[in-house]
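Coordinate analysis (summary)
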Amino acid sequence: MSSLNQVLRHPKTLVGTDLDAWFANGGGVGLANALGDPSAILPTLEAAGLRGMGGAGFPIFRKWGFMLPSPRDGGDRYFVVNGNEDEPGTFKDRALLAESPHQVIEGALIAALALDVNQIVLYLNPGATDALAAAETAISQWHPHLDEVAATIGQRIALRVVCSSGLYIGGEETAVIATVEGGFPFPRQKPPFPAQSGVHGRPTTVNNVETVAHVTHILRHGAEWYRNLGLGEAVGTKLYSLSGDVLRPGLYELPMGTTLRELVFTHGGGMLQGKAFKAVFTGGPSNTILTAEDLDAPLDWDSLRAYRSRLGTGAMIVISEGASIVRRVADYVEFFADGSCGQCPPCKIGTRELAGVLRTIDAGRGTQADLAHIEHMCGLLPGSGRCALVDGAITVVDSALAKLRDEFERLLVD
């Protein structure tokens with residue numbers, strides 16, 4: 001993808017923490033447009049087709065719209081930018097903040113105008129030290145520029161960083177809220193939903209870092225411009241975190257709808273020498289698997305449904321022939337078991353049990369009964385927790401069995 005088509009990582013966007021350089025290269029125009037007509041922000045995002053880039057792909061105008069009916073009673077209203085990003089293979093948000101934090105902050109200020117928010121929180125993983133330092137520096141430069149936003153919403157704007165626990169579960173929406181309140185990141189049951197009762201019981205919206213950055217550019221250039229960046233029916237661009245057995249792993253901003261083949265073999269340079277493509281974990285380990293027969297799959301929200309797959313965060317972990325899918329799935333389920341907050345016994349115990357059975361099969365000691373036990377748990381556990389952690393663990397196992405069941409069966413002793 002040429003720099004002319006890049007948005008979040010265009011050379012003029014990558015100005016680091018220099019706010020003057022951000023403004024000199026067109027930064028601030030999106031915010032100025034939003035200040036000129038705050039009522040047009042949500043319709044513009046709806047027309048653009050922007051979806052949440054944190055994994056769910058939920059339309060942003062609808063998510064923001066949930067908060068609009070909440071009463072404006074003079075109390076605090078929160079917008080939280082979620083940069084916890086602790087899942088293996090996902091590194092887009094920390095890179096985005098380290099390279100160009102001002103586009104994220106500007107997007108958050110546009111959200112504040114749309115939702116009458118006076119409390120903006122950048123919620124960041126303390127392990128992402130470059131991103132954390134860049135965000136702190138950038139925020140300090142924005143304070144003199146907040147008065148116009150504050151005047152529009154009728155309250156002073158607070159803009160600050162809150163460090164997450166660094167735990168995987170800390171990125172779940174209600175766990176984010178619990179951490180911002182100063183507590184442990186225990187997910188909460190819904191309802192009430194954050195739009196009605198979030199941080200300290202006040203209306204709250206939580207969005208991913210990449211999502212918020214896109215808002216800035218949509219308000220600057222318009223909905224039609226953004227839609228035209230995608231391929232086919234897809235809209236906009238996407239950050240793909242490419243890792244695994246490829247020659248050029250890294251972060252790639254490409255048109256939404258770019259095929260898996262182009263990502264891996266054109267941008268990623270193809271497989272490591274002497275290796276053949278076997279599979280890719282899409283959207284990180286909490287999502288699905290695609291195999292060589294799926295290389296022409298367009299990487300966008302809607303197209304992947306036809307492949308029984310999901311885009312997730314856009315992380316693509318490439319696996320070569322010769323690598324054990326069973327072992328990799330066991331590793332990821334163990335990651336989820338370690339990441340469970342322990343509130344829900346089906347999650348705490350079920351993920352640990354599932355990981356143990358997968359290890360038994362990987363070691364060549366598994367039986368048909370073990371495989372049946374895995375399938376039983378895959379049917380029993382989804383939806384049994386307060387959050388989607390256990391669902392993510394089940395998704396990757398289900399997908400591996402659907403795509404590469406023969407690898408499991410070859411390891412069984414009977």
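Keep in mind that what you see is a predicted model, and the values were worked out from it rather than measured.

Calculation notes
Residues numbered from 1 in each chain as written. Predicted model: local features only at pLDDT ≥ 70, side-chain atom pairs only at ≥ 80, totals over all residues. Heavy atoms only, no water. Pairing = 2+ DSSP bridges. Helix = DSSP H or I, 4+ residues; strand = E, 2+ residues; numbered from the N terminus. Axes fitted to C-alpha atoms, helices over the stretch in contact; angles between N-to-C directions. Contact = heavy atoms within 4.5 Å. Expected span 1.5 Å × (residues − 1). Buried < 20%, exposed > 50% of the residue type's maximum accessible area, 1.4 Å probe, protein only. Arc of directions from axis to C-beta. Salt bridge = Lys/Arg side-chain N within 4 Å of Asp/Glu carboxyl O. Core = buried A, V, L, I, M, F, W, Y, C linked by side-chain atoms within 4.5 Å. Polar contact = N/O pair within 3.5 Å; in protein donor to acceptor, adjacent residues only side chain to side chain. Domains from an automatic or database assignment. Buried area = accessible area lost by both parts, 1.4 Å probe. Nonpolar A, V, L, I, M, F, W, Y, C, P; charged D, E, K, R; others polar. Parallel < 35°, antiparallel > 145°, perpendicular 65-115°, else oblique. Left-handed = near helix turned anticlockwise from the far one by under 90°.

**A few points about the sheet that holds strand 7 (residues 277-282)**
Strand order in the open sheet made by the five strands is 6-5-9-7-8, with mixed pairing throughout. Unpaired on one side and paired on the other, strand 6 (250-255) and strand 8 (289-291) mark the two borders of the sheet. Strand-to-strand twist in this sheet, taken as the mean axis angle between neighbours without regard to direction, amounts to 30°. Relative to strand 9 (residues 315-320), strand 5 (residues 237-244) is paired through four bridges, and the arrangement is parallel. Across the sheet, residue S241 finds its bridge partner in strand 9, namely A315. Against the sheet, helix 13 (residues 325-339) contacts strand 7, strand 8 and strand 9, and its axis sits at roughly 15° relative to strand 7. On the sheet, helix 16 (residues 389-410) packs against strand 7 and strand 8 and is oriented at approximately 30° with respect to strand 8.

**Overview of helix 7 (residues 129-142)**
The α-helix advances 3.6 residues per turn, and as a result positions three or four apart in sequence lie on the same side. Over its 14 residues, helix 7 extends 20 Å from the first C-alpha to the last, a length consistent with the 20 Å expected when each residue adds 1.5 Å. Every buried residue belonging to helix 7 is among A131, L132, A134, A135, A138, I139 and W142, and all of these are buried. Considered in projection along helix 7, the buried side chains sweep an arc of 165° and stay on one side of the axis. Across helix 7 from its buried face, at more than 90 degrees, point the exposed residues T129 and D130.

**Focus: the pattern of salt bridges**
Counting across every chain of the model gives 23 salt bridges. K190 is the partner of E173 in a salt bridge, and the nearest nitrogen-oxygen pair spans 2.9 Å. Residue E173 is located in helix 9 (residues 173-180), and its partner K190 is located in the loop between helix 9 and strand 4 (204-208); the two are separated by 17 residues in the primary sequence.

**Things to note about the nonpolar core**
Membership of the largest hydrophobic core comes to 86 residues, with the highest contact counts inside it found for I41, W64 and L122. No other element matches helix 6 (residues 101-115), which puts ten residues into this core. Excluding residues within four positions of it along the chain, W64 makes contact with I41, L42, L45, F79, A111, A114, L115, T205, N207 and V215. If you look at the next biggest cluster of nonpolar residues, it comprises 39 residues, including F281, I319, C347 and L412.

**Considerations on helix 3 (residues 41-48)**
When helix 3 is considered as a whole, its buried residues turn out to be I41, L42, T44, L45 and A48. Angular distribution of buried residues about the axis of helix 3 spans 160°; they occupy a single face of the element. Buried residues along helix 3 sit in contact with helix 2 (29-36), helix 4 (60-65), helix 6, helix 10 (209-221) and helix 11 (223-227). The first or second residue beyond helix 3 is G49, which carries a positive phi of 80°.

**So, the sheet that holds strand 1 (residues 78-83)**
Strand order in the open sheet formed by four strands is 3-2-1-4, and the pairing between neighbours is parallel. The open sheet has two free edges, formed respectively by strand 3 (158-163) and strand 4, since each of these has just one partner strand. On average, adjacent strands in this sheet sit at an angle of 20° to one another, irrespective of strand direction. Inspection of the sheet shows strand 1 paired to strand 2 (residues 119-124) by six bridges, in the parallel sense.

**Here we look at the side chain of E210**
Counting through the fold element by element, E210 comes out in helix 10. Assessed through its relative accessible area of 0%, E210 is described here as buried. One polar contact links E210 to K92, side chain to side chain, over a distance of 3.0 Å. If we ignore the near neighbours within four places in the chain, the residues touching E210 are L8, M53, K92, D93, L96, T237, K238 and L239.

**Structural notes on the domain arrangement of the protein chain**
Interfaces are often sized by the amount of accessible area the parts lose when they come together. According to the domain assignment, the protein chain consists of domain 1 (19-228), domain 2 (237-320) and domain 3 (325-410). The straight-line distance from the C-alpha centre of domain 1 to that of domain 3 is 34 Å. Here domain 1 meets domain 3 over a buried area of about 910 Å², counting both sides, of which 76% is carbon and sulfur. On the domain 1 side of the interface with domain 3, the three residues burying the most area are Y168, I169 and P187, jointly 47% of the side's total. For the pair domain 1 and domain 3, the interface holds zero salt bridges. Seen at the junction of domain 1 and domain 3, the total is one residue pair in polar contact (both at pLDDT 80 or more). Here the residues of the side of domain 1 that touches domain 3 are counted per class, giving six nonpolar, one polar and four charged.

**Concerning the packing of helix 15 (residues 368-380) against helix 16**
At a minimum axis distance of 10 Å, the contact between helix 15 and helix 16 shows a crossing angle of 155°. In this view, helix 15 runs roughly antiparallel relative to helix 16, as classed from their interaxial angle. Here helix 15 and helix 16 pass one another in a crossing that is left-handed. For the pair helix 15 and helix 16, the contacting residues are L371, I374, E375, M377 and C378 in the first and I394, V397, D398, L401, R405, F408 and E409 in the second. Its residues assigned to classes, the contact of helix 15 with helix 16 shows eight nonpolar, no polar and four charged.

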